[in-house]
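Spelled out, the chains give:
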Amino acid sequence: MDFKKIISQMTLEEKVSHLMQVGARFFKKDAGSLNTGPLEELKISPENIKAAGTTLSCANSEGMIAIQKTHLEEDRNKLPMLFMQDVIHGYRTIFPIPLGLGCSFDSELVRECAKMSAKEAAVAGVNVTFSPMVDLVRDARWGRVMESTGEDPYLNSELARAFVQGYQGDDLKGDYNIAACVKHFAAYGAPEAGRDYNTVDMTERTLREYYLPGYHAAIEAGCKMVMPAFNTINSVPCTGNKWLLDDVLRKEWGFDGVVISDYDAWFEMVAHGFCSGEKDAAEKAFNAGCEIEMMSPCGVHYLAELIAEGKVSEEKLDLAVERVLRLKDELGMFENPYKVADPVNEEKVALTAEHRAIARKAAEESSVLLKNNGVLPLKKDLKKLAVIGPFSDTGNVIGNWSCMGRDEEATTFLAGLRAYLPNTEVAYAKGCGHAIFENDESGLDEAVELAKNSDAVVLCIGEFKFYSGEGNSRADLSVPAIQMELARRVIKANPNTAVILITGRPLAIVELNNIAPAILNMWQPGTEAGTAAARLLFGDANPCGKLSMTFPYAVGQVPIYYNHYNTGRPKPNDEGEHYYCSRYVDCPNAPLYAFGYGLSYTTFEYSDFKLSSDTLTADSKITASVKVKNTGAVAGKETVQFYIRDLVGSCVRPVMELKGFEKIELAAGEEKTVEFTIDEPMLRFWNAEIEFKSEAGDFEAMVGTSSDKVTKLTFKLV
Ligand code: BGC
């Protein structure tokens, strides 16, 4: 396709409009809001609309087809529009929130979920998803931790690749493939005090070592688009950050796809105090390398003027338009501007048995068994089971950012358990509401009464879906007070109680951990919540999720993460009283549950950890091997984790870093040997001179079931 020729036929105004992105409601007159409304809001003209290159959040195939049809009639250049949307953890079939998917430690499963999301989205007329979100997260106060796969750069990178491959497939022209947009570049997950959109300040070394690998991995996997983050990084908004968008992204990483801003982010550089107004914002954002402007009008208002004044180059504008056209071509939009958008198929393809089965599997593999004193698995011959709590009988457990998902299409815990236990009386009491400041105790007695008169209780408590996600930071990480009161009373009334914890973030649950006989953290598990829960609680599925984000002991510990530095005065790991060391006087240093932690209904024994050599050279490799045996009575899956520590470096090195993992399935009594390969590139890190190099010296190799339960061996790099 001759993009240069197309561009040469476009007017300056048309080219500028091609890079403007406004919502679908700006195009579709019957979509609820009239054109005049939004057009007036942003002061963009009908000419801008006619020549627009892309739109967001159209929501269904009928809308897409109608908008595309009108657009092709009205656009002088007849260039198809691209339809973009947030497809974050499923389209209609909702998979667990990404933080849950992270706990599956299963790239193949994540790829499969992304592939099915893409299929449902494609028939609904979506061409690009604003996913994967790969922001590394260490602070559970930030509401958007739910969108991330967790705190580890290696795991995040593995899963970033899986998301991209799942969405994009091998060929974007494929019917059910959509383009991916990795976000939010960069380090949006590290806002001060965990408050959304807040300042991010860190050394370039830290940025490169922990925060950038996820984005880079997505790009290496072929991700077509990048979205800069809302935040400033070292005092410059990412949206107008030339170093980030040009030096790192384009020049260093060779990214040649499209850069799209986040929602209104060009204009928000004014509030940041980085730009004096729309015109300044347009100049700074565009010159930094941000190409499509989402939902603010700075570019359409001023780019042409800036070009006339010689402050922005028209060649740069042409290149940006060319990149958008190339993406359209790669997607096959020129051959068929509607692709597979189809109202009939949209319903047929969504929520199929196949998609639901994967959603159920994903919910099972993402769930983390945090505690079990033997209550779980529950016995199937119960006469009466009580299902109690504000999340028992609701589909709102699908999680935030389930944009097209519908609560009513999810299987609730109550429905799932009733279907699973046809011969058991499954009774329900809500007990209380879910709200943080809820204080109506009138339902507690009924719940306690029911608990007393039942053989077992499933208590569904935790965090409502809109307490996490964008703009939803929390200063307190407790389970809301009224729900804790419900838990105290119900557990006292019936010690045969298992808690299903619903949450979009790690919570501080020391008291719950002390009083609950069992806690199964299901995060926000998606459409198949109830079916997955029943299978997990009764042992048809054996919990195998491992935490991809640390659960703090107290909110005061955050940010808390396993791959931290040691300090000069680390607190000794014993029971003694220690002064003048790095400690809290009122709380342990250790988290409640560490990264990589998660129980099973069986037990695994690690033995015979060996290194094939104790010396590594630049061209050699060491094989680390370990035997893992299922020593319990039932089959189970174990994620074997492999960590490295560089004992001495020119910059201090983390106490441990995940370098590999393997999820294996073992029948009762079965043993397998798991191997990891250590080579010199694995030991490289960003040094103070910002070089990515290894340093000769002593290392520890560690293997284990969790970051706080490993065995160590040492080796040397020479
Ligand atoms: C979010 C992005 C999202 C965009 C479009 C923004 O508010 O930060 O993650 O992709 O909206 O919906």
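Everything below is about the structure shown above.
Sequence order as written defines the numbering, with residues in each chain counted from 1. Reporting in this predicted model follows two pLDDT cut-offs: at least 70 for local features of residues, and 80 or more for side-chain atom pairs to be given and counted; totals over whole chains, interfaces and linings ignore these cut-offs and use all residues. Derived side-chain values reflect all non-hydrogen atoms in the structure, with water molecules and hydrogen atoms excluded from consideration.

J.: Account for the layout of surface pockets, naming residues and giving values.
T.: The calculated volume of the largest pocket comes to roughly 1,400 Å³. Helix numbering and strand numbering both begin at the N terminus, where a helix is a DSSP run of H or I of at least 4 residues and a strand a DSSP run of E of at least 2. Among the secondary structure elements, those contributing two or more residues to the lining of the largest pocket are β25 (697-706) and β26 (709-717). Per element, the largest residue contribution to the lining of the largest pocket is three residues, and it comes from β26. Amino acids are sorted into nonpolar (Ala, Val, Leu, Ile, Met, Phe, Trp, Tyr, Cys and Pro), charged (Asp, Glu, Lys and Arg) and polar (every other residue, Gly among them). Residues that form the lining of the largest pocket fall into these classes: 17 nonpolar, nine polar and nine charged. Mapped onto the lining of the second largest pocket, the elements with two or more residues apiece are α8 (153-168), α9 (204-220), β21 (657-666), β22 (671-679) and β23 (685-686). A per-class count over the lining of the second largest pocket returns 15 nonpolar, four polar and 11 charged. Each cavity reported here is a set of points on a 1 Å grid over the protein atoms alone in which a 1.4 Å probe fits but cannot get out, each pocket an open set with protein on both sides within 12 Å along at least five of seven lines, and each lining residue one with an atom within 4 Å of a point. Grid points are joined across faces, edges and corners, and a volume is the space filled by probe spheres set on the points.

J.: How would you sum up the pairing of β26? Please name residues and give values.
T.: Looking down a regular strand, the side chains alternate between one sheet face and the other. Sheet topology note: the strand β18 (residues 615-616)/β26 ladder contains two bridges and is parallel. Residue pairing across strands places T615 opposite K716, the latter belonging to β26. What makes two strands pair is DSSP finding at least two bridges between them. The pairing of β25 with β26 spans nine bridges and is classified as antiparallel. Counted as the bridge partner of M702 is K712 from β26. Connecting β25 to the next strand, β26, in antiparallel fashion are two residues.

J.: Describe the nonpolar core, and please don't skip the residues or the numbers.
T.: Among buried residues, the Ala, Val, Leu, Ile, Met, Phe, Trp, Tyr and Cys ones that are joined through side-chain atoms within 4.5 Å form a nonpolar core. Here's how the labels work: a residue is buried when its accessible area is under 20% of the maximum for its type, exposed when over 50%, partly exposed in between, all with a 1.4 Å probe on protein chains only. With 179 residues, the main nonpolar core has F185, L370, I388, I509 and L512 as its most contacted residues. Residue contributions to this core peak at nine residues, all from helix α7 (residues 107-123). Domain borders in the structure are assigned automatically or taken from a domain database. Counting residues domain by domain, this core receives three or more from each of domain 1 (358-553) and domain 2 (604-717). Ignoring sequence-local partners within four residues, the contact set of I388 consists of A429, A447, L450, A451, V457, V458, L459, C460, L486 and V490. Membership of the second largest hydrophobic core comes to 35 residues, among which are L378, L417, A534 and A541. By the convention used here, residues are in contact when the closest approach between their heavy atoms is within 4.5 Å.

J.: A description of the environment of A633 should follow, citing residues and the corresponding values.
T.: Tracing the chain through its elements places A633 in the loop between β19 (621-630) and β20 (636-646). Residue A633 is classed as exposed on the basis of its relative accessible area of 72%. Separated by 31 residues in sequence, A633 and T602 place their C-alpha atoms 6.4 Å apart. Discounting residues that sit within four places of it in the chain, A633 has contacts with T602 and A668.

J.: I'd like to hear about unusual backbone geometry, residue by residue, with values.
T.: Cis rather than trans, the peptide bond between S131 and P132 has omega equal to 10 degrees. Turning to its location among the elements, P132 is positioned in the loop between β4 (128-129) and α8. Phi at Y197 takes a positive value of approximately 70 degrees, unusual for a residue other than glycine. Inspection of the secondary structure assignment puts Y197 in the loop between β5 (179-185) and α9. For Y197, a relative accessible area of 37% gives the class partly exposed. For W523, which is not a glycine, the phi torsion comes out positive at approximately 50 degrees. Mapping W523 onto the fold places it in strand β16 (residues 518-523).

J.: Go over the site of the ligand, please, and point to the residues and values.
T.: Residues in contact with the ligand amount to 13 residues; listed here are only the nearest, D86, R144, H184, D262 and E470. A 3.5 Å cut-off defines polar contacts: any pair of N or O atoms within that distance qualifies, except that in protein one atom must be a possible hydrogen donor and the other a possible acceptor, and neighbouring residues in sequence count only when both atoms are side-chain atoms. D86 places a side-chain nitrogen or oxygen 2.4 Å from an oxygen atom of the ligand. E470 is positioned such that a nitrogen or oxygen atom in its side chain is 2.8 Å from an oxygen atom of the ligand. Here the open area of atoms and residues is found with the Shrake-Rupley method and a 1.4 Å probe, where only the protein chains shown may cover a residue. Summarising the interface, the protein chains cover 92% of the accessible area of the ligand, which totals 310 Å² for the free molecule. Class assignment of the residues belonging to the shell around the ligand gives a composition of seven nonpolar, one polar and five charged. Whether a residue is near a molecule or strand depends on its heavy atoms: it is near if one of them lies within 4 Å of it.

J.: So, the packing of aromatic side chains: which residues are in play, and what are the values?
T.: A pair of aromatic rings is counted whenever rings of Phe, Tyr or Trp (Trp by its six-membered ring) have centres within 6.5 Å, and the orientation is called stacked for planes under 30 degrees apart, edge-to-face for over 60 and tilted otherwise. Counted according to the given criterion, the structure contains 20 aromatic pairs. Aromatic pair F185 and W253: ring centres 5.6 Å apart, planes at 50 degrees, arrangement tilted. Placement of the pair is F185 in strand β5 and W253 in the loop between α10 (242-252) and β9 (258-259), with a sequence separation of 68 residues. The residues F185 and W253 share a single accessibility class, namely buried. Three or more aromatic residues joined by ring pairs make a cluster, and in this case those are F105, Y154, Y562, F595, Y643 and F661. Cation placement over rings: the criterion is NZ of Lys or CZ of Arg within 6 Å of the ring centroid and within 35° of the ring normal. Residue placement shows K183 over the ring face of W401; its charged tip is 5.3 Å from the ring centre. Across the ring face of F685, the terminal group of R653 is positioned such that the distance to the ring centre comes to 3.8 Å.

J.: Tell me about the sheet that holds strand β6 (residues 225-228), and name the residues and values.
T.: The strand order across the open sheet built from eight strands is β9-β6-β5-β4-β3-β2-β1-β10, with neighbouring strands paired in parallel fashion. A strand with exactly one partner marks an edge of an open sheet, and here the two such strands are β9 and β10 (293-294). As defined by bridge partners, β4 adjoins β5 across two bridges and the pair is classed as parallel. By the bridge assignment for β5, T129 is matched with A180. What counts as an axis is a line fitted to C-alpha atoms, over the stretch in contact for a helix, and the angles between N-to-C directions run from 0 to 180 degrees. Sitting on the sheet, α9 touches β5 and β6, and the angle it makes with β5 is about 165 degrees.

J.: Lay out the packing of helix α18 (residues 444-452) against helix α19 (residues 481-493) in plain terms, naming residues and giving numbers.
T.: Axis separation between α18 and α19 bottoms out at 8 Å; the angle between their running directions is 25 degrees. By the angle class used here, α18 and α19 are roughly parallel. Judged by the sense of rotation from one axis to the other, the crossing of α18 with α19 is right-handed. Each of L444, D445, A447, V448, A451 and K452 in α18 lies in contact with α19, whose residues at this interface are E485, L486, R489, V490 and A493. Roughly parallel here means an angle under 35 degrees, roughly antiparallel means over 145, roughly perpendicular means 65 to 115, and every remaining angle is called oblique. Working rule for handedness: look at the near helix, and if it is turned counterclockwise from the far one by less than a right angle, call the crossing left-handed; if clockwise, right-handed.

J.: So what about the packing of α7 against α8? Which residues, and what values?
T.: Across the interface, α7 lies against α8 with an axial gap of 7 Å and an inter-helix angle of 35 degrees. In the crossing of α7 with α8, the sense of the turn from one axis to the other is right-handed. From α7, S107, V110, R111, A114, K115, S117 and A118 reach across to α8, where they touch E158, L159, A162, F163, Q165, G166 and Y167. For the contact of α7 with α8, the class distribution of residues is seven nonpolar, four polar and three charged.

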